[in-house]
Amino acid sequence: GTIVWKDRHPDGLVLAGDPDARGPVLIAARQGAIWVVLCSENSAPRVSAQFVRPDGQITGPVPLSGALRGSPGDVQAVSDGSGGLLCVFGLSSRQTPAKLFCARIDGAGKHVWPGIAALFSGPGMSYREVCALPGPDSSVTVAMTSPVNRRLDANQHRALAAQHISASGELTWGLDPIEVTNPADGSAVTPALAPDGEGGVYVVYGVKLKTGPGTGATGLLSLRLGPSGERLWRHPIPLAMGLTPGRA
């Protein structure tokens, strides 16, 4: 419980001088160091990462959103397994829906991919919530909830969608995320991911039924996706019903 940084930083380690910085995401790095991902809401909104060594020395910030414009939304960061960082972040503006992007930097803070991966190609597509799971090969699986804009749905059903990004920054499940739920499954919220040990993932998510028997019921459901994003279970498995969905 000793304060290791007391001599160097008696008042605490200042990670950002921007008073509008928010939502820090901390990721463990090698040998006791950490990555800290921050959102800035000043005149030039951005998502950036800083590397903090065990002795309190800071390297960065490294801009993750580059020249992309928009107000930062959800941010998820995971280790790439090689000392670097995989970061998924949303950006939105008054003119466009909330878009989702992914960037990767190595242990020295250099961008590994030639560009920032955009997880949507359609102009009307957007996301609401997101989670990320690192793979054993510096890839990342992303699950998100999204309003189903391709359907005329007055209730704004939220689908669960997923995407996989390779170690080189390629979208391996197609240009857009794969929609893995439908209105009969209910409106999805707060997804979480876990590996299934066979190259696929388990997805646990909150749900609210908006159609059919049990309309208005809430709970937690689970799905299993294969290595190519295919739905391996015919129906979602109910884990608990009659609950108010919270963070999975």
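Residues numbered from 1 in each chain as written. Predicted model: local features only at pLDDT ≥ 70, side-chain atom pairs only at ≥ 80, totals over all residues. Heavy atoms only, no water.

Caption draft 1: Structural detail: the environment of serine 92. Along the polypeptide, serine 92 turns up in strand S6 (residues 85-92). As for serine 92 and serine 71, which are separated by 21 residues in sequence, their C-alpha atoms are 5.2 Å apart. Residues within four places of serine 92 in sequence aside, it is in contact with Gly70, Ser71, Pro97 and Ala98. (Helix = DSSP H or I, 4+ residues; strand = E, 2+ residues; numbered from the N terminus. Contact = heavy atoms within 4.5 Å.)

Caption draft 2: Region of the structure containing the sheet that holds S6. Strand order in the open sheet formed by four strands is S5-S6-S7-S8, with antiparallel pairing between adjacent strands. Two strands close off the open sheet at either side, each with one partner strand: strand S5 (71-79) and strand S8 (117-118). One ladder, built from seven bridges, connects S5 with S6; its direction is antiparallel. Opposite serine 79, over in S6, you have leucine 85 as the bridge partner. (Pairing = 2+ DSSP bridges.)

Caption draft 3: Focus on the sheet that holds strand S12 (residues 178-179). One open sheet accounts for four strands, arranged S9-S10-S11-S12; its pairing is antiparallel. Every interior strand has two partners, whereas the edge strands, strand S9 (129-134) and S12, have only one.

Caption draft 4: Broad picture of the pairing of S6. Among the eight residues that make up S6, seven are buried, leaving the element largely enclosed by the rest of the structure. With seven bridges joining them, S6 and strand S7 (residues 99-105) adopt antiparallel strand pairing. By the bridge assignment for S7, leucine 86 is matched with arginine 104. Linkage of S6 to S7, two consecutive antiparallel strands, is achieved through a turn of six residues. (Buried < 20%, exposed > 50% of the residue type's maximum accessible area, 1.4 Å probe, protein only.)

Caption draft 5: The arrangement of the pattern of salt bridges in detail. Evaluated as defined, the whole model comprises four salt bridges. With a closest N to O distance of 3.4 Å, arginine 158 and glutamate 129 form a salt bridge. Within this pair, whereas arginine 158 is found in strand S11 (residues 158-165), its partner glutamate 129 is found in strand S9, the two being separated by 29 residues in sequence. One salt bridge in this structure joins aspartate 196 and arginine 224, with 2.9 Å as the shortest N-O distance. Residue aspartate 196 is found in the loop between strand S13 (187-195) and strand S14 (201-208), and its partner arginine 224 is found in strand S15 (residues 218-225); the two are separated by 28 residues along the sequence. Through salt bridges with shared partners, a single network forms among Asp196, Glu198 and Arg224. (Salt bridge = Lys/Arg side-chain N within 4 Å of Asp/Glu carboxyl O.)

Caption draft 6: Up close: the environment of serine 146. Relative to the helices and strands, serine 146 is located in strand S10 (residues 140-147). Considered as a pair, serine 146 and histidine 157 are 11 residues apart in the sequence and their alpha carbons are 8.4 Å apart. Apart from the residues within four sequence positions on either side, serine 146 is in contact with Ser126, Tyr127, Arg128, His157, Arg158 and Ala159. Here the side chain of serine 146 touches serine 126 through a polar contact of 2.5 Å, landing on its backbone oxygen. (Polar contact = N/O pair within 3.5 Å; in protein donor to acceptor, adjacent residues only side chain to side chain.)

Caption draft 7: Structural context of the nonpolar core. Core analysis: the biggest nonpolar cluster contains 20 residues, and Val37, Val47, Leu64, Val75, Leu85 and Phe89 have the highest contact counts within it. Looking at this core, the elements that each hand over two or more residues are strand S1 (22-28), strand S2 (34-40), strand S3 (46-52), S5, S6 and S7. For this core, the element with the highest residue contribution is S6, accounting for four residues. Excluding residues that lie within four positions of it along the chain, valine 47 makes contacts with Val37, Leu38, Cys39, Val62, Pro63, Leu64, Ser65, Pro72, Val75, Cys87 and Phe89. If you look at the next biggest cluster of nonpolar residues, it comprises 18 residues, including Leu119, Val130, Val142 and Met144. (Core = buried A, V, L, I, M, F, W, Y, C linked by side-chain atoms within 4.5 Å.)

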